[in-house]
Amino acid sequence: MKKDTGIDPAAVATWRPATQAVRAGTWRSQHGETSEALYLTSGFTYDSAEEVAARFAGEADGMQYSRFKNPTVEMLQHRIAAMEGAEACLVQASGMAAMTSSLLCMLSAGDHVVAGRAAFGSCRWILDNVLNRFGITHTAIDGTDNAAWEAALQDNTRAFFFETPANPTMDLVDLEFVCGLARSKGITTVVDNAFATPVLQRPMDFGADVIAYSATKLMDGQGRVMAGAVCASRDWIEEFLSPFQRNTGPICAPFNAWNVLKGLETLPLRAPAQSESAMKVAAFLEDKGLRVLHPGLPSHPQHDLCQRQMRAAGPIFAFFAPDGQRQAMALCNALELIDISNNIGDSKSLITHPASTTHYNMGEEGRAEAGIADGMLRLNVGLEDTFDLIEDLERALGRIGL
Ligand SMILES: *Cc1c(COP(=O)(O)O)cnc(C)c1O
């Protein structure tokens, strides 16, 4: 029985990405099950009191308590780390648990963060409303502007925090430049890579330190569970994240971890397929005369950068109803197949109006600054037939006179 090959780093490192997605982390029990087992247990038992003492003293491997370690969760951590090319990974209850933990575990009062302005609403919220309260300041900049990163540096800057592509404006950050700048100053880069996943973009290849995920999105890929993940060097995980997470408890439930583990098996097929379909749908909308923001299209101001740092541009893009919010909402309402939903990364195509949903609490001024116009729509292209999606959009555009 090839019981432990999935958690043998020497074996896993020789596998190509699609093999890692299916087999990395597989850690079979004495029964030799094919599919990864779901260990729904909070605690573990021991053969002797000495054995448990050795585990608590860190002198013996093994499980102690599911807040620290759980076999199903451990399998997912191995699989994500392998796909990312990272030394280590810990998973969390949600993407926001991952983002919050990766910042709070290493920052202290008096530290400063430079953050990309275009970001998931809750990522901005933690900077403004959590870190601020503990004396951790930040400067929010236009992440697309390399000079702005340099200009925002302070003596106490400890971290750069950004997402690329950013939600929902599809702004890109130049990974090579920004991570290189951080390296030269001893600053830790935390990259929210939820839109791309390791299949489409590997920020560590450009020098990023910490890669944080909402695994709820493309990693699960089927809209089932909430989960998050953080990848980094073994030293960073052991020094900062692991003790923080063990003691504060934002951990991923084994059932959720199991769903993501199974989702990852098809990620190398889904992510390119959804990316390709999204390109076709975006090109159709552009042909209709609508303004589209899709980094895979030559019309995107950072198309060249996209080609340098991404394998494909992903399933998500933005486009604009020229007459604003009422027209954008009318278009959503006129669709018959594409669902109105604020989720992304799902195998079902989903559309949302960011200004009234995901980015509502930024306020009008914040949205204007981040380029989130009232007519903007964000589309997640799923795994349906591309022509059915285009037909649905064409019919809906016709109904609202566009
Ligand atoms: C969804 C999302 C998050 C938050 O993840 P949850 O799993 O919903 O907590 C963070 N960043 C980005 C870019 C996202 O799309």
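Computed from a predicted structure; not experimentally measured. (Residues numbered from 1 in each chain as written. Predicted model: local features only at pLDDT ≥ 70, side-chain atom pairs only at ≥ 80, totals over all residues. Heavy atoms only, no water.)

Caption draft 1: How the structure looks around the overall build of the protein. In terms of helices and strands, the protein carries 15 helices and twelve strands. Relative to its 402 residues, the protein shows a buried fraction of 55%. For the protein, the proportion of contacts with a sequence separation of at least 24, taken over those separated by at least 6, is 72%. Counting only carbon and sulfur atoms, one obtains 50% of the accessible surface of the protein, whose full area is about 17000 Å². On the protein, the mean spot of the 33 positive side-chain charges and the mean spot of the 48 negative ones are 4 Å from each other. (Helix = DSSP H or I, 4+ residues; strand = E, 2+ residues; numbered from the N terminus. Buried < 20%, exposed > 50% of the residue type's maximum accessible area, 1.4 Å probe, protein only. Contact = heavy atoms within 4.5 Å. Areas by Shrake-Rupley, 256 points an atom, 1.4 Å probe, with all protein chains shown as cover. Lys, Arg positive; Asp, Glu negative; His and termini not counted. Charge placed at Lys NZ, Arg CZ, Asp CG, Glu CD.)

Caption draft 2: A look at the pairing of strand S7 (residues 228-232). The element S7 is extensively covered by neighbouring structure, given that five of its five residues are classed as buried. With burial as the criterion, each face of S7 is covered, one bearing Gly-228, Val-230 and Ala-232 and the other bearing Ala-229 and Cys-231. Pairing between strand S1 (residues 88-92) and S7: five bridges, direction antiparallel. Residue Cys-89 lies in a different strand from S7, and its bridge partner there is Cys-231. (Pairing = 2+ DSSP bridges.)

Caption draft 3: Examining the site of the ligand more closely. Not every one of the 15 residues close to the ligand is listed here, only the nearest: Gly-95, Asp-192, Ser-214, Thr-216 and Lys-217. When the ligand sits alone it has 380 Å² of accessible area, and the protein chains cover 93% of it. In terms of residue class, the shell around the ligand is made up of seven nonpolar, five polar and three charged. (Near = heavy atom within 4 Å. Nonpolar A, V, L, I, M, F, W, Y, C, P; charged D, E, K, R; others polar.)

Caption draft 4: Region of the structure containing the sheet that holds strand S3 (residues 137-141). Spatially, seven strands are ordered S1-S7-S6-S5-S4-S2-S3 in an open sheet, and the strand pairing comes out mixed. Of all the strands in the sheet, just S1 and S3 have a single pairing partner and so form its edges. The sheet shows a mean angle of 20° between the axes of neighbouring strands, direction not considered. The pairing of strand S5 (residues 188-192) with strand S6 (residues 210-214) spans three bridges and is parallel. In the strand pairing of S6, Val-190 is matched with Val-210. Contacting S1, strand S4 (157-163), S5, S6 and S7, helix H10 (residues 234-248) crosses the sheet at an angle of about 20° to S1. (Axes fitted to C-alpha atoms, helices over the stretch in contact; angles between N-to-C directions.)

Caption draft 5: A look at the UniProt feature "modified residue: N6-(pyridoxal phosphate)lysine" (unreviewed entry) in the protein. Residues given the UniProt feature "modified residue: N6-(pyridoxal phosphate)lysine" (unreviewed entry) here are Lys-217. Note that Lys-217 resides in the loop between S6 and S7. Relative accessible area serves as the criterion here: at 12%, Lys-217 is assigned to the buried category. Residues in contact with Lys-217, not counting those within four places in the same chain, are Phe-120, Asn-343, Ile-344 and Gly-345. (UniProt positions renumbered as here; feature names shortened; annotations may be inferred.)

Caption draft 6: Representation of the pairing of S3. Pairing between strand S2 (residues 112-116) and S3: five bridges, direction parallel. Residue pairing in the sheet places Gly-116 in a bridge with Ile-141 of S3. The parallel pair S2 and S3, bridged by helix H6 (residues 121-129), forms a crossover whose chirality is right-handed. (Right-handed = clockwise from strand over helix to strand, strands pointing away.)

Caption draft 7: Broad picture of a nonpolar patch on the surface. On the surface, Leu-38, Leu-40 and Phe-255 cluster together into a nonpolar patch covering about 290 Å² of accessible area. Taking the relative accessible area as the measure of exposure, Phe-255 reaches 41% and is therefore partly exposed. (Patch = residues over 30% accessible without salt bridge, like charges linked within 9 Å, V, L, I, M, F, W, Y side chains within 5 Å. Salt bridge = Lys/Arg side-chain N within 4 Å of Asp/Glu carboxyl O.)

Caption draft 8: View of helix H8 (residues 175-185). Listed as buried for H8 are Leu-175, Val-178, Cys-179, Leu-181 and Ala-182. One side of H8 holds all its buried residues, which, seen down the axis, span an arc of 155°. Facing away from the buried side of H8 by more than 90 degrees, the exposed set consists of Glu-176, Arg-183 and Ser-184. Of the surrounding secondary structure, the elements contacted by the buried residues of H8 are helix H7 (146-151), S4, S5 and helix H12 (303-309). At the N-terminal end of H8, a side-chain oxygen is found 3.3 Å from the backbone nitrogen of Glu-176, two or three residues along, and the residue is Asp-174. The positive-phi residue at the C-terminal boundary of H8 is Gly-186, with phi of around 70°. (Arc of directions from axis to C-beta. Polar contact = N/O pair within 3.5 Å; in protein donor to acceptor, adjacent residues only side chain to side chain.)

Caption draft 9: Region of the structure containing the side chain of Ser-102. For Ser-102, the position within the fold is in helix H5 (residues 95-104). Classification of Ser-102 as buried rests on a relative accessible area of 0%. Polar contacts involving the side chain of Ser-102 include one to the main-chain carbonyl oxygen of Ala-98, which spans 2.9 Å. In this structure the side chain of Ser-102 is engaged in a polar contact, spanning 3.1 Å, whose partner is the backbone oxygen of Met-99. Excluding residues within four positions of it along the chain, Ser-102 makes contact with Val-190, Val-210, Ala-212, Val-230, Trp-236 and Leu-241.

Caption draft 10: Here's a closer look at the sheet that holds strand S11 (residues 350-352). Read from one edge to the other, the open sheet built from five strands follows the order S8-S9-S12-S11-S10, with strand pairing classed as mixed. Pairing within the sheet leaves two strands with one partner each, and these edge strands are strand S8 (292-293) and strand S10 (339-340). With three bridges joining them, S11 and strand S12 (residues 376-380) adopt antiparallel strand pairing. The residue bridging Leu-350 from the neighbouring strand is Asn-380, located in S12. Along the sheet, helix H11 (residues 254-287) contacts S8, strand S9 (316-320) and S12; its crossing angle with S9, the most-contacted strand, is approximately 10°.

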